[in-house]
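# Residue-level structural notes
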Amino acid sequence: MKYHWNWGIFFEQIKYGDETYLSWLISGLGWTVAVSLASWVIALLLGFAIGTVRTTPRTWLVRLGNAYVELFRNIPLLVQMFLWFFVVPEFLPRNLSLWVKQEMPAKEFVTATVCLGLFTSARIAEQVRAGIQSLPRGQRMAGLAMGLTLPQTYRYILLPMAFRIIIPPLTSEFMNVFKNSSVAFAIGVLELTFQARQMQEDSEQGIETYLAVTVLYFVCAFIANRMMAFIEKRSRVPGYIAAAK
Amino acid sequence: MAMIEIRDVSKWYGTFQVLAECTSQVEKGEVVVICGPSGSGKSTLIKCVNGLEPFQKGEILVNGIGVGAPGTNLPKLRSNVGMVFQHFELFPHMKVIENLTVGQIKVLGRSRDEALRKAHALLERVGLKDFEQKNPGELSGGQQQRVAIGRALAMDPICMLFDEPTSALDPEMIGEVLAVMQDLAREGMTMMVVTHEMGFARNVAHRVIFMDEGRIVEDATTEDFFGTPRSDRAQLFLSRILRH
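This one's a predicted model, so the numbers in the text were calculated from it and none came from an experiment.

A few words on the overall build of chain B. Across its full length, chain B holds nine helices and 10 strands. Relative to the globule expectation of 18 Å for 244 residues, the C-alpha radius of gyration of chain B, 18 Å, shows essentially globular dimensions. Burial statistics for chain B: of 244 residues in total, 57% are counted as buried. Sequence-distant contacts, at least 24 apart, represent 66% of the contacts inside chain B between residues at least 6 apart. Here chain B has roughly 10,500 Å² of accessible surface; of this, 47% comes from carbon and sulfur atoms.

Pasting the structure below:
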C-alpha cells in the first residue's frame, strides 16, 4: 500500500480558513452528542409512555401503541430521516409548513432529533412492554388490591421493577442512539460523520480521518455503556434474581 | 347486614363457566374457609369479592357496597379489604417497611410518621421487627407471607381475604403463618380463607364452604362439615385429604 501517512493532519489548518481539522471534528462531536442526548430524552419519555399503555386493559390504546411501534420499526432509519426532512413538512398546515421550511431555527438538528427520538422510542416501547409483562400477574393485583389506582400501580409497583429488568437492553439502546445519530449527516446536520467526510475530501487523509472518528464514536458508546452500568448497580435489588453478580 | 354478601354470582371465561350461581355470606367477625379441589373456582370467587376478577351475573356486596355496580369506587372499596396472595406478591424493590407504608401514604393519605408508626407496630406483631430494612427477596417464604399479612393489616381493613396463603410454603413455615392468622381470627377479624389446611379450618373457622366445578356444593358450620357433610363430593374430598 502506497499511502502517505500524516497523523499530524489534525493540527493542520483547513485549505480555506484558519480552523484546524481537529476543530472540525470537535464541533462535529458536539453535534453528535447534542442530537444523541436530545433524542434519548424524547425516546425515553415516549417509549415508556407507549410501552406502558400497551400493557393496559384498554384495547384501543393497546392497538394504537402497537401500530406506533410497527410503523417506526419497519422503516429504515435513513428513509425516516428523509421523510421527516422532505415529506412531512409538505403535509403540515400551510403556515406551519412555511415556517418549518423557512424559519425554524436549527432545522436540520431539530428534524434529526425528532426522527431519531421517535425511531428509538418505538424500540424502547417494545422493551418496556416486555419488561412489564415479565412481572408476575400478582404484582398488579397486589397493587390494585391495596387500593392503588391503575396509574398508581404502574407508577409505584410495575414500572420501577420493569425498568430494572430492562436496563441491559436499554443500555444497548443508549449506545445505539449515539451510533445511529451518524445518519443525521444525510440531511445536513454538521455532526461527526458529516465533518469526517468533509475532512477527508479537504485533507485527502481519509484513513487517519476515519480512524479518529471510529475512536470518537467508540468512546461515546463506551461512556454511555458505563453510565448505564452505574445506574444498574445503584438500582440493584438485594435478594432479587436480577441482583445476582 | 352481612359484611360480605355473595348473591347468585356466575362468571365465564369465554364459553367456559368458572362460577355457577354462587351464593353465600360472611357475617362481621366470622371466619369462613373455602375449600375444594383445584379448578373448583375458589380462588376466582375470592378475587371477585374485591373486584380483581370481573363477573358477569349476580352481585357481591362488601359492607353494603356493590363490587360490580357501575359507579362504585373500586380503589376505595379495595383499600378497606385486605388481601393475602398465594405467592406473597410483596413489592421486591421496596424495603419491608416501605411495603407496609406505601398504601397508607398513597391511598389513605396518612403522613409518613403515622404510617411508619403503624408499620413498626405491625411488624412487631408478626414477629419481624428486625427485618424492616431488608428487601423481600432476603426473607424466607414464611417471613414474606407474614410481611404480606402485615401489609394488608396496615390499611386497617374491615375484612381480610386469604387466597391459599400457605400453599407455596415449606411445611415448617406453614405453622408460623397460620399462627398469625389464628391470632387475627381470635381478635374478631372478618376473614374469608381459601385453603387446604383442614386443621386450620377445624380449629378456627366458623363455617366451611366446599366448592366443586364452580358451584358451592356445601355451606355448613364447621362442626357439621367435619361431622356429617351431606354431599358425596365433599365426603370424597375430605377422605382424600384427611387420610394423610
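Along chain A, the regular secondary structure elements total 10 helices and zero strands. Along chain A, helices (α) and strands (β) appear in the sequence α-α-α-α-α-α-α-α-α-α when read from the amino end. If you line up chain A on its principal axes, its C-alpha atoms span 70 × 55 × 30 Å. For chain A, the share of sequence-separated contacts (at least 6 apart) that also reach a separation of at least 24 residues comes to 72%. Here chain A displays about 12,900 Å² of accessible surface, and carbon together with sulfur accounts for 66% of that area. Taken together, the 22 basic and 15 acidic charged side chains of chain A have centroids lying 20 Å from each other.

What follows covers the sheet that holds strand S2 (residues 16-26) of chain B. Residue and element names in this part refer to chain B. Overall, antiparallel pairing links the four strands, which are arranged S2-S1-S4-S5 in an open sheet. Because the sheet does not close on itself, it has two edges, and the strands there are S2 and strand S5 (65-66). Bridge analysis of strand S4 (residues 57-62) against S5 gives two bridges, and the strand direction is antiparallel. Looking across to S5, one finds that Val-62 is bridged to Ile-65. On the sheet, helix H1 (residues 42-49) packs against strand S1 (4-13), S2 and S4 and is oriented at approximately 120° with respect to S1.

If you walk through the whole model with that rule in mind, you get 15 aromatic pairs over all chains. Within the aromatic cluster, the residues linked to one another by ring pairs are A:Tyr3, A:Trp5, A:Trp7 and A:Phe10. B:Arg151 extends its terminal NZ or CZ atom over the ring of B:Phe91, reaching a point 4.5 Å from the ring centre. Over the ring of B:Phe226 we find B:Arg202; its NZ or CZ atom is 4.6 Å from the centre of that ring.

As a further point, take a nonpolar patch on the surface. Residues A:Leu78, A:Val79, A:Phe82, A:Leu83, A:Phe86, A:Val87 and A:Phe91 make up a contiguous nonpolar surface patch of about 630 Å² in total accessible area. The residue A:Leu83 is located in helix H3 (residues 77-87) in this model.

When their charged atoms lie close together, side chains carrying opposite charge are able to pair. According to the stated counting rule, one finds 21 salt bridges over all chains in the structure shown. Linking B:Asp163 and B:Lys47 is a salt bridge whose minimum nitrogen-to-oxygen distance equals 3.3 Å. You can see B:Asp163 sitting in strand S7 (residues 159-163) and its partner B:Lys47 sitting in helix H1, a full 116 residues away along the chain. According to the relative accessible area criterion, B:Asp163 is buried, its value standing at 4%. Assessed through its relative accessible area of 13%, B:Lys47 is described here as buried. Overlapping salt bridges, with partners in common, bring together A:Arg54, A:Glu126 and A:Arg129 in one network.

Before going further, it helps to spend a moment on the environment of B:Gly66. Residue and element names in this part refer to chain B. Checked against the element boundaries, Gly-66 lands in strand S5. In this structure Gly-66 comes out as buried when scored by relative accessible area, which is 15%. Taking the C-alpha atoms as reference points, Gly-66 and Asp-130, 64 residues apart in sequence, are found 40 Å from one another. Once residues lying within four places of it in the same chain are set aside, the contact partners of Gly-66 are Ile-60, Leu-61 and Thr-72.

Right, let's get into the sheet that holds strand S6 (residues 81-84) of chain B. All names here are of chain B. With respect to topology, six strands assemble into an open sheet ordered S6-S7-S8-S3-S9-S10, the strand pairing being mixed. In the strand order of this sheet, the two ends are held by S6 and strand S10 (215-221), each with one partner. Put simply, the sheet's adjacent strands are angled 15° from each other on average, direction ignored. As judged from the four bridges shared by strand S3 (residues 31-35) and strand S9 (residues 207-212), these two strands associate in the parallel manner. Among the inter-strand pairings, Ile-34 is bridged to a residue of S9, identified as Ile-209.

This part takes up the nonpolar core. Core analysis: the largest hydrophobic core is formed by 75 residues, its most contacted members being B:Ile4, B:Ile6, B:Ile60, B:Leu161 and B:Met192. With seven residues, helix H5 (residues 107-133) of chain A is the largest single contributor of residues to this core. The next biggest cluster of nonpolar side chains, apart from the first, holds 48 residues, and it includes B:Ile97, B:Ile149, B:Leu153 and B:Met173.

Listed per partner, the contact involves 23 residues of chain A and 26 residues of chain B. Each partner contributes to the roughly 2,000 Å² buried at the junction of chain A and chain B, and carbon and sulfur atoms together form 69% of this total. Taken as a group, A:Met141, A:Ala145 and A:Met146 account for 29% of the area that chain A buries against chain B, more than any other trio of residues on that side. Across the pair B:Glu53 and A:Arg137 runs a salt bridge, and its minimum N-O distance is 3.7 Å. Run the count over chain A and chain B and you get five residue pairs in polar contact (both at pLDDT 80 or more). Of all the elements in the fold, those that place two or more residues in the side of chain A that touches chain B are helix H6 (137-145) and helix H7 (150-165) of chain A. At eight residues, the largest contribution of residues to the side of chain A that touches chain B is made by H6(A). When grouped by side-chain class, the residues that make up the side of chain A that touches chain B number 14 nonpolar, seven polar and two charged.

Residues and elements named next belong to chain B. For chain B, mean pLDDT is 94; residues scoring 70 or higher make up 99% of the total. For chain B, helix H9 (residues 232-242) is the element with the lowest average pLDDT, namely 82, and S6 is the one with the highest, namely 98. Predicted as a complex, the structure gets a pTM of 0.91 and an ipTM equal to 0.94.

Summed over the entire model, instances satisfying the criterion amount to zero disulfides over all chains. Considering cysteine sulfurs only, B:Cys22 is the nearest to B:Cys35, which forms no disulfide, with 14 Å between them.

Conventions adopted
- Residues numbered from 1 in each chain as written.
- Chains lettered and ligands numbered in written order.
- Predicted model: local features only at pLDDT ≥ 70, side-chain atom pairs only at ≥ 80, totals over all residues.
- Heavy atoms only, no water.
- Helix = DSSP H or I, 4+ residues; strand = E, 2+ residues; numbered from the N terminus.
- Rg over C-alpha atoms; globule rule 2.2 N^0.38 Å.
- Buried < 20%, exposed > 50% of the residue type's maximum accessible area, 1.4 Å probe, protein only.
- Contact = heavy atoms within 4.5 Å.
- Areas by Shrake-Rupley, 256 points an atom, 1.4 Å probe, with all protein chains shown as cover.
- Lys, Arg positive; Asp, Glu negative; His and termini not counted.
- Charge placed at Lys NZ, Arg CZ, Asp CG, Glu CD.
- Pairing = 2+ DSSP bridges.
- Axes fitted to C-alpha atoms, helices over the stretch in contact; angles between N-to-C directions.
- Phe/Tyr/Trp six-rings, centres within 6.5 Å; stacked < 30°, edge-to-face > 60°.
- Lys NZ or Arg CZ within 6 Å of the ring centre and 35° of its normal.
- Patch = residues over 30% accessible without salt bridge, like charges linked within 9 Å, V, L, I, M, F, W, Y side chains within 5 Å.
- Salt bridge = Lys/Arg side-chain N within 4 Å of Asp/Glu carboxyl O.
- Core = buried A, V, L, I, M, F, W, Y, C linked by side-chain atoms within 4.5 Å.
- Buried area = accessible area lost by both parts, 1.4 Å probe.
- Polar contact = N/O pair within 3.5 Å; in protein donor to acceptor, adjacent residues only side chain to side chain.
- Nonpolar A, V, L, I, M, F, W, Y, C, P; charged D, E, K, R; others polar.
- pLDDT = per-residue confidence, 0-100.
- Disulfide = S-S within 2.5 Å.

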